[in-house]
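One-letter residues, chain by chain:
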Number of protein chains: 2
Amino acid sequence: MSGERIYLYDSTLRDGAQTRGVDFTAADKAAIARELDRLGIDYIEGGWPGANQTDDAFFGDLPRMQRARISAFGMTRRSGRSAENDPGLSAVLNAPVQAVCLVGKSWDFQATVALGVDLDENLRMVSDSIGHAARVKAEAMFDAEHFFDGYKANPDYALACVKAAYQAGARWVVLCDTNGGTLPHEIEEIVSHVATIVPGDRLGIHCHDDTGNAVANSLAAVRAGVRQIQGTLNGLGERCGNANLVTLLPTLMLKMGYTTGVDEAGLAHLTSVSRAFDERMNRAPNIHAPYVGAAAFAHKGGLHASAVLKDPRAYEHIRPEQVGNQRHVLVSDQAGRANLLARLAEIGIEVDPSDPRLPTLLEQVKANEHMGYAYDGAEASLELLARRALGEVPEYFRLLSFRVIDERRYNARGELVTLSEATIKISVGGVPVMAVAEGNGPVNALDTALRRAIAQTYQPVRDMRLVDYKVRIMSAPDGTGTDAVTRVVIESADTAGDHWSTVGVSANVVNASYEALADGITWRLYRAGVSVQAAAEVAAANSVA
Amino acid sequence: MSGERIYLYDSTLRDGAQTRGVDFTAADKAAIARELDRLGIDYIEGGWPGANQTDDAFFGDLPRMQRARISAFGMTRRSGRSAENDPGLSAVLNAPVQAVCLVGKSWDFQATVALGVDLDENLRMVSDSIGHAARVKAEAMFDAEHFFDGYKANPDYALACVKAAYQAGARWVVLCDTNGGTLPHEIEEIVSHVATIVPGDRLGIHCHDDTGNAVANSLAAVRAGVRQIQGTLNGLGERCGNANLVTLLPTLMLKMGYTTGVDEAGLAHLTSVSRAFDERMNRAPNIHAPYVGAAAFAHKGGLHASAVLKDPRAYEHIRPEQVGNQRHVLVSDQAGRANLLARLAEIGIEVDPSDPRLPTLLEQVKANEHMGYAYDGAEASLELLARRALGEVPEYFRLLSFRVIDERRYNARGELVTLSEATIKISVGGVPVMAVAEGNGPVNALDTALRRAIAQTYQPVRDMRLVDYKVRIMSAPDGTGTDAVTRVVIESADTAGDHWSTVGVSANVVNASYEALADGITWRLYRAGVSVQAAAEVAAANSVA
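The model shown is predicted, which means the values in this text are computed figures rather than measured ones.

Okay, the overall build of chain A next. When helices and strands are counted, chain A shows 19 helices and 16 strands. Dimensions of chain A, computed from C-alpha atoms along their principal axes, come out at roughly 90 × 70 × 50 Å. Here chain A holds 545 residues, and 59% of them are scored as buried. If you take every contact in chain A between residues at least 6 apart in sequence, the share linking residues at least 24 apart comes to 67%.

Right, let's talk about the pattern of salt bridges for a bit. Residues and elements named next belong to chain A. The full count for this structure, using the stated rule, is 56 salt bridges over all chains. Its salt-bridge partner being R227, residue E4 comes within 2.8 Å of it at the nearest N-O pair. Of the two residues, E4 sits in the segment before strand 1 (7-10) while R227 sits in the loop between helix 9 (214-223) and strand 8 (228-231), which places them 223 residues apart along the sequence. Classification of E4 by relative accessible area gives partly exposed; the value is 40%. Assessed through its relative accessible area of 10%, R227 is described here as buried. The partner of R69 in a salt bridge is E139, and the shortest N-O contact between them spans 2.4 Å. Of this pair, R69 sits in strand 3 (residues 69-75) while E139 sits in strand 5 (residues 139-145), and the two are 70 residues apart along the sequence. For R69, a relative accessible area of 26% puts it in the partly exposed group. Given the relative accessible area of 8%, E139 is considered buried.

Below, the discussion takes up the pairing of strand 16 (residues 499-506) of chain A. Residue and element names in this part refer to chain A. By the criterion of burial, strand 16 is predominantly enclosed, with seven of the eight residues buried. Bridge count for strand 15 (residues 485-494) against strand 16 is eight bridges, and the pairing is antiparallel. From the neighbouring strand, V489 faces strand 16, where its bridge partner is V503.

Let us look at the environment of M281 of chain B. You can see M281 of chain B is positioned in helix 12 (residues 270-281). Not counting residues up to four positions away in its chain, the partners in contact with M281 of chain B are R472 of chain A together with V22, F24, D28 and I32 of chain B.

Moving on, we come to the domain arrangement of chain A. A common way to express how large an interface is: the accessible area buried when the components associate. Assigned domains within chain A: domain 1 (7-262), domain 2 (298-375) and domain 3 (398-544). Here domain 1 of chain A and domain 2 of chain A have C-alpha centroids that lie 44 Å from each other.

Attention now moves to the state of the cysteines. Residues and elements named next belong to chain A. Scanning all chains against the criterion turns up zero disulfides over all chains. Here C101 is not cross-linked by a disulfide; its sulfur's nearest cysteine counterpart is in C176, at 7.7 Å. Of the residues examined, C101 reaches a relative accessible area of 0% and is grouped as buried.

What follows covers the sheet that holds strand 4 (residues 99-105) of chain A. Residue and element names in this part refer to chain A. Taking strand neighbours around the barrel as the criterion, the eight strands line up as 1-2-3-4-5-6-7-8 in a closed arrangement whose pairing is parallel. Averaged over all neighbouring strand pairs, the angle between strand axes comes to 25°, with direction disregarded. When strand 1 meets strand 2 (residues 43-47), the two strands line up parallel, connected through two bridges. Looking across to strand 2, one finds that D10 is bridged to I44.

Take the sheet that holds strand 5 (residues 139-145) of chain B next. Residue and element names in this part refer to chain B. Taken together, the eight strands give a closed barrel; going around it, the order is 1-2-3-4-5-6-7-8, and neighbouring strands pair in parallel fashion. Averaged over all pairs of adjacent strands, the angle between their axes in this sheet comes to 25°, without regard to strand direction. Bridge analysis of strand 4 (residues 99-105) against strand 5 gives seven bridges, and the strand direction is parallel. Note on strand 5: the bridge partner recorded for V100 is A140.

Okay, the relation of the copies chain B and chain A next. Under the fitted operation, chain B is carried onto chain A by 0.0 Å of movement along the axis and a turn of 180°, and the coordinates agree to an RMSD of 0.1 Å. Expressed as a symmetry operation, the mapping of one chain copy onto the other fits a two-fold axis. Closest to the rotation axis within chain B is the C-alpha of I405 of chain B, separated from it by 2.2 Å. When the interface residues of chain B are mapped onto chain A, 99% of them are again interface residues, pointing to one common binding face.

Our next topic: the packing of helix 4 (residues 108-115) of chain A against helix 5 (residues 119-136) of chain A. Packed helices, taken two at a time, are described by the angle their axes make and the gap between the axes. Residue and element names in this part refer to chain A. Following both chains from N to C, one finds helix 4 and helix 5 inclined at 100°, their axes separated by 10 Å at the closest point. Taken together, helix 4 and helix 5 sit at an angle that is classed as roughly perpendicular. The residues of helix 5 that touch helix 4, namely those facing D108, A111, T112 and L115, are L119, N122 and M125. Its residues assigned to classes, the contact of helix 4 with helix 5 shows four nonpolar, two polar and one charged.

Summarising the element assignment, R14 of chain A is placed in the loop between strand 1 and helix 1 (26-39). In this structure the side chain of R14 of chain A is engaged in a polar contact, spanning 3.4 Å, whose partner is the side chain of D15 of chain A.

This brings us to the nonpolar core. Residues F397, I424 and I426 of chain A together with F397, I424 and I426 of chain B are the most contacted members of the largest nonpolar core, which totals 91 residues. At eleven residues, helix 18 (residues 509-527) of chain B tops the list of elements feeding residues into this core. In contact with I426 of chain A, other than residues within four places in its own chain, are F397, R398, L399, L400, V431, P432, V433, L450, A453 and I454 of chain A. Formed by 87 residues, the second largest nonpolar core is a distinct cluster that contains C240 of chain A together with I32, V191 and V292 of chain B.

With twelve residues, helix 12 (residues 270-281) of chain A extends 17 Å between its outermost C-alpha atoms, agreeing within 8% with the 16 Å of an ideal straight helix rising 1.5 Å per residue. Among the residues making up helix 12 of chain A, those that are buried are L270, T271, V273, S274, F277, D278 and M281 of chain A.

Further remarks concern the interface of chain B and chain A. On the side of chain A, 102 residues touch chain B, which itself brings 103 residues to the contact. Across the interface of chain B and chain A, roughly 8,100 Å² is buried in total on both sides, 49% from carbon and sulfur atoms. Counting the surface chain B buries against chain A, the share from its top three residues, R20, R239 and R408 of chain B, is 11%. The interface formed by chain B and chain A contains 25 residue pairs in polar contact (both at pLDDT 80 or more). For the side of chain B that touches chain A, the leading source of residues is strand 11 (residues 398-410) of chain B, giving 13 residues. Of the residues in the side of chain B that touches chain A, the class split is 42 nonpolar, 34 polar and 27 charged. The sheet contact formed by strand 11 (residues 398-410) of chain A and strand 11 of chain B spans eight bridges and is antiparallel.

Glancing now at the pairing of strand 13 (residues 431-439) of chain B. All names here are of chain B. Residues of strand 13 alternate between two faces, with V431, V433, A435, A437 and G439 buried on one and P432, M434, V436 and E438 left unburied on the opposite face. Sheet topology places strand 12 (residues 416-428) next to strand 13; nine bridges connect them, and they run antiparallel. Opposite A422, over in strand 13, you have A437 as the bridge partner. Two successive antiparallel strands, strand 12 and strand 13, enclose a turn made up of two residues, where G429 displays a positive phi of approximately 55°.

Residue and element names in this part refer to chain A. Inspection of every chain in the model, using the stated rule, returns 22 aromatic pairs over all chains. A centroid spacing of 5.7 Å and a plane angle of 35° characterise the contact between Y9 and Y43, whose relative ring orientation is tilted. Of the two residues, Y9 sits in strand 1 while Y43 sits in strand 2, which places them 34 residues apart along the sequence. Relative accessible area serves as the criterion here: at 6%, Y43 is assigned to the buried category.

Another point: the confidence of the model for chain A. Here chain A shows a mean pLDDT of 89. Residues at 70 or above account for 94%. For this predicted complex, the interface confidence score (ipTM) comes to 0.73, while the overall pTM stands at 0.74.

Residue and element names in this part refer to chain B. With phi around 55°, H146 is a residue other than glycine that occupies positive phi space. Structurally, the position occupied by H146 is in the loop between strand 5 and helix 6 (147-153). For N234, which is not a glycine, the phi torsion comes out positive at approximately 55°. With respect to the helices and strands, N234 occurs in the loop between strand 8 (228-231) and helix 10 (245-255). Relative accessible area serves as the criterion here: at 16%, N234 is assigned to the buried category.

All names here are of chain A. Structurally, the position occupied by L361 is in helix 15 (residues 358-371). What makes L361 buried here is its relative accessible area of 3%. L361 sits 102 residues away from T259 along the chain, and the two C-alpha atoms are 48 Å apart. Not counting residues up to four positions away in its chain, the partners in contact with L361 are L340, L344, L385, A386 and A389.

With that settled, the discussion passes to the side chain of N217 of chain A. Locating N217 of chain A in the fold gives a position in helix 9. The residues touching N217 of chain A, leaving out its near neighbours within four places in the chain, are D177, T182, L183, P184, I187 and C207 of chain A.

Basis of the calculations
- Residues numbered from 1 in each chain as written.
- Chains lettered and ligands numbered in written order.
- Predicted model: local features only at pLDDT ≥ 70, side-chain atom pairs only at ≥ 80, totals over all residues.
- Heavy atoms only, no water.
- Helix = DSSP H or I, 4+ residues; strand = E, 2+ residues; numbered from the N terminus.
- Buried < 20%, exposed > 50% of the residue type's maximum accessible area, 1.4 Å probe, protein only.
- Contact = heavy atoms within 4.5 Å.
- Salt bridge = Lys/Arg side-chain N within 4 Å of Asp/Glu carboxyl O.
- Pairing = 2+ DSSP bridges.
- Domains from an automatic or database assignment.
- Disulfide = S-S within 2.5 Å.
- Axes fitted to C-alpha atoms, helices over the stretch in contact; angles between N-to-C directions.
- Least-squares fit on C-alpha atoms with pLDDT ≥ 70 in both.
- Parallel < 35°, antiparallel > 145°, perpendicular 65-115°, else oblique.
- Nonpolar A, V, L, I, M, F, W, Y, C, P; charged D, E, K, R; others polar.
- Polar contact = N/O pair within 3.5 Å; in protein donor to acceptor, adjacent residues only side chain to side chain.
- Core = buried A, V, L, I, M, F, W, Y, C linked by side-chain atoms within 4.5 Å.
- Expected span 1.5 Å × (residues − 1).
- Buried area = accessible area lost by both parts, 1.4 Å probe.
- Phe/Tyr/Trp six-rings, centres within 6.5 Å; stacked < 30°, edge-to-face > 60°.
- pLDDT = per-residue confidence, 0-100.

Set out below in C-alpha cells:
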C-alpha cells in the first residue's frame, strides 16, 4: 500500500467520441465534464479545437470546473512550419484552457510512411511543438502515438521521441498503445526502460482494449513507475475501447493503495456515475461490468447464494457499498428457497421460511421464468407476484377490453400521416370505466388511455410517467421453434424520483405491453397504500355523475 | 515464440450457466459442446451430474465428440464419509466420461467456516477424493476453490491442499481465483511459488473478471508456468464473468506463439463461433469484444480511416482475417468522404471520388443519422440509400395506406383473447393491390399483410422471412426532450441463407417498422434483379383476373 498519487486523465470526450454508435452534442460534453469533475478526475480532455463544430462549441463555452483541468487535444506542428505559425496548432493553443495534449509520432515507420517526414524533422516537430506549448500553457503533454509498436521496431528512435518531448518541457509524456496489441508483460518491461530516461512522475499511459488487456496494461505501467493513466468512462472508445477508468479506480484505490483525486465518498458514487453516463448515451449498461455492473455482486447458484448470505467474503472480493453497488441474490431457474427468501427480503418482504405459501410461490416464479418472464430487471413485478401470493394486493382494476387502431393514409393535403388510437374499458369496483387516447404508436396510445381510465378514480397515477420501454423477441421457451414470445420491460417513475420496472410476456406485443403497464400502475397504487374500498366509491360516484 | 502446448478447458456449460439471464436446455448444451469440439477445445465441462435435471439429461445422452474430452464437475467427498461411499461423488464418477474435475477448499477460513471441518480432515477429503477419482477415471482434476485468497491468508495451508491433490494423482491442479479479486502481478508471483511444488504442466488456472483482469490473470499464470486455462465462450459466467477463451485464444496463438488444440483454420472461424453462440443465447453480441466484435476493426475518425486504408498496420494489431473478422470503415457523423467511399466499396458500390452525387449522399447520410438512423448495423438500408441516390433502385411498390387493429376482449367462452389484424393497400406499377392478415401483434400482422400484397406480383419475397426485430426508443435527437423517436432494426433472411438488416425511424413504432420492412423487401427485389416493367404487367394481369 503505497499511498502514492496517481493522476487520472479522462478522454471520454475525445477518444471516446470515436466509439461506434456514439455522437456527443456540445451539451452532452459539458454535462459529462461536470460529472467527471464532481467525481474527482484530474484532467478532462474536451476534444480537438478546430476539428469539428461540436468541439469548437464546447471550447467556446467551457463548463465551470471545481477541481478538474480541461485539456485540449491537438497535433504537433506540420513539417516545414514553425510551431508559432502552424494554424492547426494555434487553434489548439488558443483554446481557453491551461492544459494541452499534443499527439506526435514515435514509430519510425509512421513518421516516414504516414507523415512522409524524415526522422530528424519528426524529432524537431515534437520538440518545437511541445516547447512552444509549454511556454504558453501551464501544462503541455506529449501523446506518443504508437509508442509500443515503435519501441518494438526501433527502440532508440522511440526513446529519442519521448526524450525530445521531456526535454522540451512536457509536464507529462504519455505512452500510447494506439493499436492496442501490446501485452501486460511487454508494457511492464518497456515502461521500466522508459522510466530510466523520463522519470515516472512525468510519464502517462494510454491503452486500448484490443486484446482485452487495457486495464491490466495500465496497471502494469503504474507498477513500472507511470503516474498518469488515460482512459474513458465505461471503457468507451474506438474499436474495442480505451482503458476503463471506472474499473481502474477501485482497483488502484482499494487494492493497490494509491490515492487519486477521487475520495472515498466519490468512489461510493462510482456505480451511479457509470450508469448515469450510459443513460445519457442511451446505452444499456453492461450488467457484467467489474465493480459497477448490476450483476457484479449477483449470486445465482444455490450453494454460492447461501454461502454469501452467511459471510459475503465467501464470494465477494470487496464490499459492494464501497463502489455504490449492491448485492443481488437472483431468483432463477436454479433458485432454491434461500435465494427466493433473500430476494424477497431485499425488496422488503419478510417471509417465514416455513410459510406454507412459499413452495407455491417458488413454483410460480420458476413457471413464469420458463414462459419467458425475467425478474432480474423487473423487481416491481416480482414484488407484486410475491405479494399477490401472500394475498396482500387488492385488484384495483380489471381489464374488460381494449382496441388499438394504427392507421396510415394520405390526408387532405396529400401527406402520408399515421394515427394511433386506443380505447379501453376497465372495471373499478364493479363499475365500468372507459377512456380513449391517441399516441405515437399503439403502446403509447394504450398507455395513455389506461392511465386516463384509471386516473378518473385513482389520484396517484397522475404523477407517474413511462421512462423506458424495451422489447425483446424470444424464441419459444421450449425450444420447439414454433411461436416466438415477446417480453416487454417497462420502467416507470413518479415525480418524487422513484423508479420501478415491470415485465409482461405474451405472443402479442400489445398484450405483453399491457401487462407490464398494468403491473407498473398496480405497484404505484399498492405503494401509495390506496384503499380499494374508497376507490370503488369514487368510481361509483363518477359513474353516477 | 515458445511453440509450447496450452490446454484449453471450457466451462461455459457449468460455470457459464451461473450467468445472470442464461438458462441452458440439455439440447443447448449438446449443441454448444459440438461447436466447442469442432473449434478444437481440449476439455468441455458439461455440468454437475446429480445437481439438476438439465445436467442429468446432458450426461444421460452425451453428444459424440471428435477430439474434445467431456468433463464432469463435482465436489470432493463430504466430511466423515469415505470417497467410495459418498453419494454425491458417486453420481459424478458414474457419469460416462473420462475426465472429472472436483472442487475442494484450499482457504482455511472456507474449510472451517463454510464447511465446518477441521483442516486435516479437509486435506484428507481432497486426497481421498482425487485418489479415488484418479483410479476410476482417465483424468482426475482438482479445482482448488479460493486458492489465491487462501494463499494470501495462509500460504502453507493452501499449498498443502494443492500438494495433496497432486500427490493423490491429479492430472491437473487448477488454481481458482473464485472471487475474482486477485491482480495479475499477484497471480504471477503466487503461481511461480506453486510451480516449485506442482510442475507447471500439471497446473491449471481459473479466473473471474471482477477487476477486469481475467484475461491478463490467465496470461500471467501461463507466463509463470501453468499449461491449462479454464474459461468460457465470450466470457460468460457469474457476476462479471469468467476468463474469455475467445479473447485468450488469438493472444496465445498469434502473439505469444503457443500452440493449442485449435489450428489456424479453426482460429479463422473464431468470430463466427463467438457470434453463433450469442445467437443461440439470444444475446446481442458485444460489438466491442476484442478480436471478434463487429467494431474490433472498425475505423471511424477521418484521420484513422484514411491511414488504415493506406496501410492497415497503422491502426490494426493483427489482420482481421486471422480470426475471421473484417475491417469496417464507418459512416458516421464524423464521416469524411474517404470513409463513405470505403464503406460503399465494402458493400460492392464503386463510386468515383469526383462523382457530383457524392456530397449530396454524404449530406443525406449525416442528416439521417442526426434524425436517429444508424447504418452501422443496417447495411442493406445504407446500400439502398446509396443506390437510390445513384438512381439505381426502381420503385417496386408504393404504400397507399394501412390500418392495424389490435383488439383484446372476452370471447364467447369467457376467455380474454387478443387479435391483431392489418389491412394494407399498395400500388404496383400504378395498379392498387390490397391484402389483409392477422398476426401476433401489430408489426407481425403488418409484415404478413405487406408480403402477401407484394407476393401477388413479386415471386422473390415468397422465400424470405423476418429473423429478428429490435426496437429502441431514443430521446429526441436535438436533445430538446420533447418527443422521442423509435428506431426499428429488422433482420431478414432467405432460404438460401442470406441475411440482411434494415432500419426505420419514426415517432410512431408502426411507421418505423413499416419503413424497415419495406426496405428489407426492396433490397431482396433489387438483389434478385427484378424488373419493374415485368412486375407492372403481372400486377395489371392480376388486377384484371
